[in-house]
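Coordinate inspection notes
The lines below spell out each chain.
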Amino acid sequence: MARTQAWRRYNWRAIWLSLAYAVFLIGAVYGFKHELIPGALKYPVALLPALPIIGLFISMGRYLVEEQDEYVRTLMVRQTLWASGFALSAATVWGFLQNFDLLGPVDGYWIVIAWYFGLGLGGVANKLTLGDGGC
Amino acid sequence: MENRLKVLRAQRSWSQQDLGERLEVSRQSVNAIETGKYDPSLPLAFRIAELFDLPIEEIFVSPSRRSSKAI
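What counts and how
- Residues numbered from 1 in each chain as written.
- Chains lettered and ligands numbered in written order.
- Predicted model: local features only at pLDDT ≥ 70, side-chain atom pairs only at ≥ 80, totals over all residues.
- Helix = DSSP H or I, 4+ residues; strand = E, 2+ residues; numbered from the N terminus.
- Buried ≥ 20, exposed ≤ 12 C-beta atoms within 10 Å, placed from the backbone.
- Contact = placed C-beta atoms within 7 Å.
- Domains from an automatic or database assignment.
- Nonpolar A, V, L, I, M, F, W, Y, C, P; charged D, E, K, R; others polar.
- Axes fitted to C-alpha atoms, helices over the stretch in contact; angles between N-to-C directions.
- Parallel < 35°, antiparallel > 145°, perpendicular 65-115°, else oblique.
- Core = buried A, V, L, I, M, F, W, Y, C linked by C-beta atoms within 7 Å.

1. Re the overall build of chain A
In terms of helices and strands, chain A carries 5 helices and 0 strands. Ordered by position from the N terminus, the helices and strands of chain A form the series α-α-α-α-α. For chain A, the C-alpha atoms occupy an extent of roughly 50 × 40 × 20 Å along the three principal directions. Burial status across chain A gives 17% buried among its 135 residues. Long-range pairs, those at least 24 residues apart, make up 70% of the contacts in chain A between residues at least 6 apart in sequence.

2. What to know about the domain arrangement of chain A
Residues and elements named next belong to chain A. Domain boundaries assigned for chain A yield domain 1 (1-68) and domain 2 (69-135). One C-alpha centre belongs to domain 1, the other to domain 2, and the line joining them spans 20 Å. Residue-level contacts link 8 residues of domain 1 with 10 residues of domain 2. Among the residues forming the side of domain 1 that touches domain 2, the class breakdown is 5 nonpolar, 2 polar and 1 charged.

3. Quick look at the packing of helix α1 (residues 5-33) of chain A against helix α3 (residues 50-66) of chain A
Residue and element names in this part refer to chain A. Between α1 and α3, whose axes approach to 9 Å, the crossing angle comes to 175°. Taken together, the axes of α1 and α3 lie roughly antiparallel to each other. Residues A6, R9, Y10, R13, A14, L17, A20, Y21 and F24 of α1 form the contact with α3, whose participating residues are P52, I53, G55, L56, S59, Y63 and E66. For the contact of α1 with α3, the class distribution of residues is 11 nonpolar, 2 polar and 3 charged.

4. Quick look at the interface of chain A and chain B
In this assembly, 10 residues from chain A lie in contact with 9 residues from chain B. With 4 residues, the single largest contributor to the side of chain A that touches chain B is helix α4 (residues 70-99) of chain A.

5. Focus on the nonpolar core
Judged by nonpolar contacts, A:Y71, A:V72, A:L75, A:M76, B:L5, B:L19, B:V25, B:V30, B:A32, B:I33, B:Y38 and B:I48 together constitute the single largest core of 12 residues. Going through the elements one at a time, α4 of chain A together with α3 (27-34) of chain B are the ones with two or more residues in this core. Ranked by residue count, the leading element in this core is α4(A), at 4 residues. Look past the residues within four positions of B:V30 in its chain and what remains in contact with it is B:Q16, B:L19, B:G20 and B:V25. Formed by 5 residues, the second largest nonpolar core is a distinct cluster that contains A:W82, A:A87, A:W115 and A:L119.

6. What to know about the environment of A:G108
All names here are of chain A. Residue placement: G108 occurs in the loop between α4 and α5 (110-130). Taking the number of C-beta atoms within 10 Å as the measure of exposure, G108 has 9 and is therefore exposed. Taking the C-alpha atoms as reference points, G108 and A91, 17 residues apart in sequence, are found 9.2 Å from one another.

7. Considerations on the packing of helix α2 (residues 16-23) of chain B against α3(B)
Residue and element names in this part refer to chain B. Remark: α2 packs on α3, axes separated minimally by 8 Å, with the N-to-C direction vectors making an angle of 105°. Judged by the angle between their axes, α2 and α3 are roughly perpendicular. Contacts from Q16, Q17, L19 and G20 of α2 reach α3 at R27, S29, V30 and N31. Grouping the constituent residues of the contact of α2 with α3 by class yields 2 nonpolar, 5 polar and 1 charged.

So this is what it looks like as C-alpha cells:
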C-alpha cells in the first residue's frame, strides 16, 4: 500500500486508538476483578474498551473519505469488502453450528477479529489479482 | 483498458514515480493504469490527457472500438 498522507493519518489514529483500547481494557478488567466499580458505573466501564474499537471503524471510514489516490482507495475498499464478507460469513456459519448445539457460544467481539483477519485476506486477494498487496 | 501511457511516459524519459508526482497519484496507481489493471476515473483520465496535451482517445483505447475492430 502506498504511504499516502491519508494513510499516515489513519496509522496515527490507529496507534492512538489501540493504546486507548489497551489502557481501557486493562483498567476495566482490573476494576471488575477487584470489585472497585459501583453498580451504576458497571455498564459504562464495561463499554469503555469498545469505544476505541468503534473509533477504529470510524477512522477507517475517514481514511476512505480522505484518501486522494483513487487506485489506493479502491484497493482498501476491496479489502474492506473482503473483511465484511468474511466476518459476516463466519458469524453466519458459527450461528448455525451453535444453533444445532455443535459449537458453544462465543463473545460477540470475535466478529471484529474476524473482520480484521478478512482485511488481511483482502490484501492477499489484491496481491493475487492486481499485484498490490494493500495494508 | 489498453492505453499508450507507458510509451508517452518513455518518450519524456519519466519514471512511473515522476508521472505519479505530476498527476498527484502514487507510483502504484501509474503502474496499475499502464498495465491495464485499473481504469482511471474520468477526472484522472482528463488530468492525464491534459498533462500530455492529447485528447483522451489518443491515450486510452476505447474498449468498444477495440472489439469492433476485432470483428
